[in-house]
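Listed here are the chains, written in short residue letters.
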Amino acid sequence: MRHVRIIGTGSYAPDNIMSNDDIAKLVETNDEWIKSRTGIKERRISTKETSSDMAYEAALRAVQAAETDPNEIDLIICATITPDYCMPSVACQVQGRLKAENAAAFDLNAACTGFVYALTTASQFLQTGMYQKALVIGVDTISKIIDWQDRSTCVLFGDGAGAAVLSATSDRRGIIASTLNSDGSKHAFLYCEAVPLSNPYVESLEERTAPSIRMLGQEVFKFAVRNVTDTIQTVLEKANREGKDIKYIIPHQANYRIIEAVAKNCKLPIEKFFMNLERYGNTSSASIGIALDELVQTGELHRGDTIILVGFGGGMTGGAILIDW
Ligand code: ACO
């Protein structure tokens, strides 16, 4: 099997900043409650960008950083739960706009674990030799499926996109191990309905209301702490590494307190966990890609550093990837 490296990253978030004080004008909440319960201070909320717009911008930046001609890309996988359309996929929209004429393209839904699922899926195509280069995107315009009157969810989320270009390589570095898991029996912890059954055979056509996220916050919290802790241990074991070998862990950016509890469970210093959730909130499928790009942009990631990307999300789903950078 060949090795697979990330050779370029990119990200995009709308300019429009929504502070905790701005949310306090919509629902009964306050900056202190949101900061102390989640660590979030502000988030970006789209005023015009769609998921495909943000995905395209992040993808373009990743392709430029990878110094790759779009024609060299064989595969585009986009992780999202908020596509512009049921069809075409966001991946196809990006493929068209990038003029990546040789790429197969499809979307994948693993909620907030989507970026890890998409990276793992793409890396299999490269490891087996079927493809040479792949573009992976995580994007969500999550603001369009938020109930802006539900204070238990509307304070948590933000919009954005993250992307990475993967290449097969003869180097003995890159993705060393990955693990994915799911537990559909817990689907009711976190869900968002789609279009209801509606056809001439259905007696009473349901009145169509805009779908929005519903969440059992404390159940998700407990699941996240347990699942992320276990997933980190699993990927360390698969890679035959220990916590002390890891420079950074890039977790799904949902809640500071979740990450704090995971750090304690794993007996790892919190400083190893890269976080930017105070500025973006939970950007769902995009969060790990945005955080990874920020770490790359700040120059804090060096060749040879070992990192773990770890996600959890609706499904419920979980997953982690260990990378020698
Ligand atoms: N502002 C003020 N008060 C609030 C707010 C708010 N925004 N939201 C809830 N409250 C109130 C509740 O009504 C409750 O009041 P009560 O005691 O009078 O009943 C009180 O605050 C405590 O509510 P809890 O739900 O117990 O608060 P908790 O400490 O559990 O924090 C939170 C809630 C932040 C949602 C937490 O449970 C959490 O982070 N869960 C994980 C959520 C998550 O990560 N979701 C994303 C998953 S990823 C994906 O796939 C999309």
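Right, let's walk through the structure included here. (Residues numbered from 1 in each chain as written. Predicted model: local features only at pLDDT ≥ 70, side-chain atom pairs only at ≥ 80, totals over all residues. Heavy atoms only, no water.)

### Remarks on the site of the ligand
Inclusion rule: Residue proximity to a molecule or strand is established when one non-hydrogen atom of the residue lies within 4 Å of it. By the criterion applied in these results, polar contacts are pairs of N or O atoms within 3.5 Å in which, for protein atoms, one can donate a hydrogen and the other can accept it, and in which residues neighboring in sequence qualify only through two side-chain atoms. Under the convention used here, a 1.4 Å probe and the Shrake-Rupley method define accessible areas, while residue burial counts only the protein chains that appear. In this description a helix means any DSSP run of H or I spanning at least four residues, a strand means any run of E spanning at least two, and both kinds are numbered starting from the N terminus. Where each domain begins and ends follows an automated or database-derived domain assignment.
Neighbouring the ligand are 26 residues, the closest being Thr29, Arg37, Cys112, Gln218 and Asn255. At 2.4 Å from an oxygen atom of the ligand is found a side-chain nitrogen or oxygen belonging to glutamine 218. Relative to its unbound accessible area of 1,000 Å², the ligand is 74% covered by the protein chains. Taken together, the elements giving at least two residues each to the shell around the ligand come down to helix 2 (31-38), helix 6 (151-154), helix 7 (217-239), helix 8 (256-265) and strand 12 (306-313). At four residues, the largest contribution of residues to the shell around the ligand is made by helix 7. There are two domains that each give the shell around the ligand at least three residues, and those are domain 1 (3-172) and domain 2 (176-196 + 207-324).

### Brief notes about the environment of threonine 209
Tracing the sequence through the fold places threonine 209 in the loop between strand 9 (190-191) and strand 10 (214-215). Sequence separation between threonine 209 and valine 228 is 19 residues; the distance between their C-alpha atoms is 34 Å.

### Here's the deal with unusual backbone geometry
Most peptide bonds take the trans form, and the phi angle of most residues other than glycine is negative. To keep things clear, this is the line we draw: Summary of the burial criterion: residues with accessible area below 20% of their type's maximum are buried, those above 50% are exposed, and those between are partly exposed, where the area comes from a 1.4 Å probe applied to protein chains only.
Between methionine 87 and proline 88 the backbone carries a cis peptide bond, its omega angle lying at 5°. Inspection of the secondary structure puts proline 88 in the loop between strand 4 (75-79) and helix 4 (90-98). Note the cis peptide between glycine 315 and methionine 316, where omega equals -5°. Following the sequence through the fold, methionine 316 ends up in the loop between strand 12 and strand 13 (317-324). One non-glycine residue, alanine 111, adopts positive backbone phi at about 50°. Within the secondary structure, alanine 111 sits in the loop between strand 5 (104-108) and helix 5 (114-127). Residue class for alanine 111 comes out buried when judged on its relative accessible area of 9%.

### Re the packing of helix 7 against helix 8
Two measures define how a pair of helices packs: the angle their axes make with one another and the distance between the axes. What counts, and what does not: Helix axes are fitted to C-alpha atoms over the stretch in contact, other axes to C-alpha atoms as well, and angles between N-to-C directions run from 0 to 180 degrees. In these notes the angle categories are as follows: under 35 degrees is roughly parallel, over 145 is roughly antiparallel, 65 to 115 is roughly perpendicular, and the rest is oblique. In this scheme, a crossing is called left-handed if the near helix is turned counterclockwise away from the far one by less than a right angle; it is called right-handed if the turn is clockwise. Here, residues are in contact when the closest pair of their heavy atoms is within 4.5 Å.
The contact between helix 7 and helix 8 brings their axes to 9 Å, and the two run at 40°. One element, helix 7, and the other, helix 8, form an angle in the oblique class. Here the hand of the crossing between helix 7 and helix 8 comes out right-handed. In this structure, helix 7 uses Phe221, Ala224, Val225, Val228, Thr229 and Ile232 to contact helix 8, whose residues at the interface are Arg257, Ile258, Ala261, Val262 and Asn265.

### Thoughts on the sheet that holds strand 12
Strands pair in a sheet through their backbones, by hydrogen bonds, and they do so in one of two ways: parallel or antiparallel. What counts, and what does not: Two strands are said to pair when DSSP picks up at least two bridges between them.
Pairing is mixed across the open sheet formed by four strands, whose spatial order is 8-13-12-11. The open sheet is flanked by strand 8 (174-182) and strand 11 (248-251), the only strands paired with a single partner. Geometrically, the sheet is characterised by an average inter-axis angle of 10° between neighbouring strands, direction not taken into account. Pairing analysis gives eight bridges linking strand 12 to strand 13, with the strands arranged antiparallel.

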